[in-house]
Amino acid sequence: MTSHPIPAPVVLLGGGKIAEALIQGLLRSGQARPSDLRVTVRRPERGEELRSRHGVQVLVDNAQAVRGAGVVLLAVRQAQLRDLMAVISPALAPGQTVVSLSADVRLEQLEAALPSHVSVFRAMPHTPVRVGSGVTPLTAGTRVTEAAKRATESVFAATGQPLWMSEEALTVCTGVSCTGPAYVFRFVEALAQAAMAHGMDAAEAAELARGTLIGAAKLLAEPAATTPRLIAEIATPGGITMAGLEALEANGLPRVVGEAVTVAIQRTRERADANAVAYSTPK
Ligand SMILES: NC(=O)C1=CN([C@@H]2O[C@H](COP(=O)(O)OP(=O)(O)OC[C@H]3O[C@@H](n4cnc5c(N)ncnc54)[C@H](OP(=O)(O)O)[C@@H]3O)[C@@H](O)[C@H]2O)C=CC1
Ligand SMILES: O=C(O)[C@@H]1CCC=N1
């Protein structure tokens, strides 16, 4: 994939958790300087935190923040999103790029709430963007320009790997990649809990489980790694790993993981449906 320069300033509206992860990832990439990043907050103490940690520009006025933006990222929660779009709409100039990070408001509602002269996208990042290892699904609205597409892609290329797809596929990603790091971290906790059940002390168990995940992830990151090959390297036929893997299967690991993914996707769809109804009624 060709990488494009990030058009500064990148403006993040809503300086919460995912915004901060993106700020860290962008700075870490070396493709953005602190002065290239502008973030808005509603609490001054949060603004001070972001300014002192990262040196970025902090504003409270969202309409002012979008003026001259190379890319605008909407990083508030769904409850604040509609009001935020109403506030920034008059300030958005023709040709600007707006990317919603919201998991649960569809392009149709976003495009209806924003001026027709801006390009609208959705991105579904996850917290690994912080370390430049994000895999970020992207989907484009109905009236985007090529320049806006490149601008959007550049932000997520700097923080990992952007993946263009349909909006329906992006919805599936909310239950897989977006939530997925939390599932993996919960698995690490379960591994530590199992070690403790066999007498290991808590700190040692946590370190062992964490180290196992980090080591395994590094193997998976090697070029040409495949999970069957990596499993085969560990599992001697008829040996102890096989016994453990068989217990995972017998106790329904794929079913349990599948259920978590399905429930998360369902929650996303329900919230998107509810937002579609809410957006269709005037405020
Ligand atoms: N966390 C994640 O891993 C991911 C989150 N997302 C999406 O990103 C969005 C944000 O999620 P997340 O970062 O987790 O949530 P947070 O609650 O951490 O962040 C939202 C931030 O927006 C601030 N905010 C609210 N209203 C305004 C406003 N009018 N002007 C400026 N700032 C405002 C909030 O301030 P205050 O601190 O005062 O509440 C808060 O800091 C959601 O739509 C979510 O679906 C998408 C992918 C992954
Ligand atoms: O849990 C959530 O609702 C948000 C959206 C996806 C990740 N965090």
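The name recorded for the chain in an unreviewed UniProt entry is Pyrroline-5-carboxylate reductase, from Corallococcus carmarthensis. Annotation of the chain in UniProt includes, under Subcellular location (unreviewed entry), the sentence "Cytoplasm". UniProt, in the comment section headed Function (unreviewed entry), describes the chain in these words: "Catalyzes the reduction of 1-pyrroline-5-carboxylate (PCA) to L-proline."

### So, the site of ligand 1
In the vicinity of ligand 1 lie 27 residues, with Gly14, Gly16, Lys17, Ile18 and Ser102 positioned nearest. Of all elements in the fold, only α1 (17–29) and α4 (78–88) reach the threshold of two or more residues within the shell around ligand 1. The residue makeup of the shell around ligand 1, split by class, is twelve nonpolar, ten polar and five charged.

### Re the pairing of strand β5 (residues 97–100)
Residues Thr97 and Val99 line one face of β5 and the alternating positions Val98 and Ser100 line the opposite face, and both faces are buried. As for the winding sense of the linkage, the β-α-β connection from strand β4 (residues 71–74) through α4 to β5 is right-handed. When β5 meets strand β6 (residues 119–123), the two strands line up parallel, connected through four bridges. Among the inter-strand pairings, Val98 is bridged to a residue of β6, identified as Val120. You can see the chain leave β5, run along helix α5 (residues 107–113) and come back into β6, and the turn it takes is right-handed.

### Some words on α1
Counted at 1.5 Å a residue, the expected span for α1 with its 13 residues is 18 Å, and the 18 Å between its end C-alpha atoms agrees. Of the positions making up α1, those classed as buried are Ile18, Ala19, Glu20, Ala21, Leu22, Ile23, Gly25 and Leu26.

Conventions and cut-offs
Residues numbered from 1 in each chain as written. Chains lettered and ligands numbered in written order. Predicted model: local features only at pLDDT ≥ 70, side-chain atom pairs only at ≥ 80, totals over all residues. UniProt positions renumbered as here; feature names shortened; annotations may be inferred. Near = placed C-beta within 6 Å. Helix = DSSP H or I, 4+ residues; strand = E, 2+ residues; numbered from the N terminus. Nonpolar A, V, L, I, M, F, W, Y, C, P; charged D, E, K, R; others polar. Buried ≥ 20, exposed ≤ 12 C-beta atoms within 10 Å, placed from the backbone. Right-handed = clockwise from strand over helix to strand, strands pointing away. Pairing = 2+ DSSP bridges. Expected span 1.5 Å × (residues − 1).

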